[in-house]
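Per-entry structural report
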Amino acid sequence: MATPTASDILVETLIDWHVDTVFGIPGDGINGIMEALRTRQDRIRFVQVRHEESAALAACAYAKWTGRLGVCLATSGPGGIHLLNGLYDAKLDRQPVLAITGLQYHDLLGTFTQQDVELDRLFMDVAQYNARVMGPSHVENAVQLACRTALSYRCVAHVTVPVDVQSHKVDPKERSDRNVPEHASDRLAPSARLPSTEELSRAAVLLNGGSRTVILAGQGALGASRELAAVAERLGAPVVKALLGKAALPDDSPYSLGGIGLLGTKPAQEAMEACDTLLIVGSSFPYIEYYPRPGQARAVQIDLDPQMIGLRYPVEAALVGDSARVLDALMPRLRPREDRSFLGKAQAGMAAWRKLMVERGTRTDRPMKPQVVAHELDRLLRGDAIVVTDSGTVTAWAARHLTMREGMKFSCSGTLATMACGLPYAIAAKMAFPQRQVICFIGDGGMAMLLGELATCVKYGLDVKVIVIRNDTLGQIKWEQMVFLGNPEYGCDLQPIDFAAVARGFGIAGWRIEDPAECAAVLQEALAAPGPAVVEAVVDPHEPPMPPKATLRQTARLAQSLARGTPAAGKIALTVASDTVRQMV
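Procedures and definitions
Residues numbered from 1 in each chain as written. Predicted model: local features only at pLDDT ≥ 70, side-chain atom pairs only at ≥ 80, totals over all residues. Heavy atoms only, no water. Pairing = 2+ DSSP bridges. Helix = DSSP H or I, 4+ residues; strand = E, 2+ residues; numbered from the N terminus. Axes fitted to C-alpha atoms, helices over the stretch in contact; angles between N-to-C directions. Contact = heavy atoms within 4.5 Å. Salt bridge = Lys/Arg side-chain N within 4 Å of Asp/Glu carboxyl O. Buried < 20%, exposed > 50% of the residue type's maximum accessible area, 1.4 Å probe, protein only. Polar contact = N/O pair within 3.5 Å; in protein donor to acceptor, adjacent residues only side chain to side chain. Parallel < 35°, antiparallel > 145°, perpendicular 65-115°, else oblique. Left-handed = near helix turned anticlockwise from the far one by under 90°. Nonpolar A, V, L, I, M, F, W, Y, C, P; charged D, E, K, R; others polar.

Right, let's get into the sheet that holds strand E14 (residues 409-411). Strand order in the open sheet made by the six strands is E14-E13-E15-E16-E18-E17, with parallel pairing throughout. One side of each edge strand has no neighbouring strand; the edge strands of this open sheet are E14 and strand E17 (509-513). Ignoring strand direction, the axes of neighbouring strands in this sheet form an average angle of 15°. Alignment of E17 against strand E18 (residues 533-538), held across five bridges, turns out to be parallel. Each residue of the ladder has a partner; that of Ala 509, found in E18, is Ala 533. Helix H3 (residues 52-66) contacts strand E13 (386-389) and E14 of the sheet and is inclined by roughly 145° relative to E14. Together, strand E15 (438-443), strand E16 (464-470), E17 and E18 form the strand contacts of helix H21 (residues 516-528), whose direction differs from that of E17 by roughly 170°.

Structure below.
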């Protein structure tokens, strides 16, 4: 048997940690690693993307979809630099991702040589574990610990390897005396992940003492749908969901009030404003202004990470552990709540909200409203659908009009809220679950940023359906300029792109929708077509992502922005007025 190289050891270690997919782009700074992947392609696959940012975003998404370690690979210098945005997505959404990068020759680092970027120093903020490999005998130790750290702490780990070291043979003579062969292990230690009996009792007393309890569920509640519903039933508590927790409880559950915040629902906001007890399950929803006022509600928080406890709202009981197991342990201590009036009022509000969403989603006027596209798409989602959305006004339409039912998956860039995550997330979903329906619901701004990943869909035959909401503007920024600051819109209009034609240039079938009367039929045809497909939906650029409850301050600033010279002020005013009247009626 040939003596292994440092790269051979690296890839074998990844396989030992059950890594089956690596996203990246080849480069001369990682040629040794690429060769090790080539010779093991029957056990680990390399997915070539068109931008390293996509590789990191896909690795983050792969971790989200599967619960396993996501891995991305980039060459020295610019390749590694391009990973950073996707790695910050993983850091802020707390996903286990390992980034592997190349460095230039070990004895030329720091001498202004070609692509001389010390990536380990650059990655100091984003990576919780960050190591520069010093030689072949160092690889196994560093990569083992990188994998263990990323999985144990749900964080980013980074290992960078000089290009010449990658191809060096492992020589026992070069190993230090203390570096005993095979002293490291690939065993991941599972945690009990349960709080103390005393803390569970404290939480139960607090929750049993309330009469108007709301449950706020985030991505940490994914996989705990049954337990969430059981606790909601026991306490007569409606469930409000952060965006990353959209699939934690089905949207059609009688306990679900939909989302919270700007993308949320009016019943959810009203429930948060009126509650006297709050149970936070696996959420660090960052918009503190949408929580109850401090002192209004007594709170219990469940989170896997003790660092997150009490971060957004003062809590009196801290339950550190896995959400499903903690809720199961809490259930026997909770008394059935006889007074269901708080839940009943929330359910009545939710019925009215759903009626309003249907009204907005079935409008027939032109230009076509983006809600119409989301509404018709929702009717075509399969029971196994994995839905990806991007950042912008498109997120509001997805949050409010796409119904996550039992067994579906949903995600996006949550805390980082980066644009352009949509296609890489969808690619990762299809790689992980090739038999499931994968939908990418994305805006034209985000789509244009990493448009090249359509080629990745073609290269690997990925049956990803891309629905592009085209309004020729950076809509979310436009409305923030006007509504939050009272400034006229500036710099947000986009040069139009014919995405259906662009798709055909990639060898992908492309459709365009402009007439709401044709929307359902076109979507049905596109979703039934084999292979990847792109549907370009041309929508009203003046349709606002209305907040669940507009404040007087927001209304005043919008009026101020229109008076100060916002382009198309008259059309915007008419559209906003129409939507406001519909909501009131």
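Attention shifts here to the sheet that holds strand E10 (residues 277-281). Taking strand neighbours across the sheet as the criterion, the six strands line up as E9-E8-E7-E10-E11-E12 in an open arrangement whose pairing is parallel. Lying at the two open borders of the sheet, with one neighbouring strand each, are strand E9 (256-259) and strand E12 (317-320). Across the sheet, the mean angle separating the axes of adjacent strands is 15° when strand polarity is ignored. Pairing geometry for strand E7 (residues 213-217) and E10, over five bridges, is parallel. Within E10, the position partnered with Ala 217 by the bridge is Val 281. Relative to the sheet, helix H10 (residues 225-235) contacts E7, strand E8 (239-241) and E10, its axis offset from that of E7 by approximately 170°. Each of E7, E8, E9 and E10 touches helix H11 (residues 266-274); the most contacted strand, E9, lies at about 105° to it.

Okay, the pattern of salt bridges next. The tally for this structure, following the rule as stated, stands at 30 salt bridges. Note that Glu 12 is salt-bridged to Arg 40, the shortest N-O span being 2.8 Å. Of this pair, Glu 12 sits in helix H1 (residues 6-16) while Arg 40 sits in the loop between helix H2 (31-38) and strand E2 (45-48), and the two are 28 residues apart along the sequence. The shortest N-O distance in the salt bridge between Arg 68 and Asp 20 comes to 3.3 Å. Note that Arg 68 is positioned in the loop between H3 and strand E3 (70-74) and Asp 20 in the loop between H1 and strand E1 (21-24), a separation of 48 residues in sequence. Under the relative-accessibility criterion, Arg 68 is labelled partly exposed at 32%.

Another aspect to go through is the side chain of Ser 283. Within the fold, Ser 283 resides in the loop between E10 and strand E11 (298-303). Ser 283 sits in the buried class, given a relative accessible area of 5%. At 3.1 Å, the side chain of Ser 283 and the backbone nitrogen of Phe 285 are in polar contact. Setting aside residues up to four positions removed in sequence, Ser 283 forms contacts with Leu 216, Ala 217, Gly 218, Ala 242, Gln 301 and Asp 303.

A word on the side chain of Asp 378. Positionally, Asp 378 belongs in helix H14 (residues 370-378). Side-chain polar atoms of Asp 378 contact the backbone nitrogen of Thr 403, separated by 2.6 Å. Dropping the residues within four chain positions of it, Asp 378 is found in contact with His 401, Leu 402, Thr 403 and Arg 405.

Where H3 meets helix H16 (residues 422-432), the closest approach of the two axes is 8 Å, and the angle between their N-to-C directions is 50°. It follows from the interaxial angle that H3 and H16 lie oblique. For the pair H3 and H16, the crossing hand works out as right-handed. Here Ser 54, Leu 57, Ala 58, Cys 60, Ala 61, Tyr 62, Lys 64, Trp 65 and Thr 66 of H3 come into contact with H16, specifically with Pro 424, Tyr 425, Ala 428, Ala 429, Met 431 and Ala 432. When grouped by side-chain class, the residues that make up the contact of H3 with H16 number 12 nonpolar, two polar and one charged.

Moving on: the pairing of E3. Among the five residues in E3, five count as buried, and that is most of the element. Looking at chain direction, E1 and E3 are connected through two bridges and run parallel. For Gly 24, the partnering residue across the bridge sits in E3 and is Leu 73. For E3 and strand E4 (residues 97-103), the ladder comprises five bridges, and the chain directions are parallel. Paired with Ala 74 across the bridge in E4 is Thr 101.

Right, let's talk about the packing of H14 against H21 for a bit. Where H14 contacts H21, the two axes come as close as 9 Å, and the packing angle between them is 45°. Here H21 runs oblique to H14, going by the angle between their axes. The way H14 lies across H21 gives a crossing that is right-handed. In this structure, H14 contributes Val 372, Val 373, Glu 376 and Leu 377 to the contact, and H21 contributes Pro 516, Cys 519, Ala 520, Leu 523 and Leu 527. A per-class count over the contact of H14 with H21 returns eight nonpolar, no polar and one charged.

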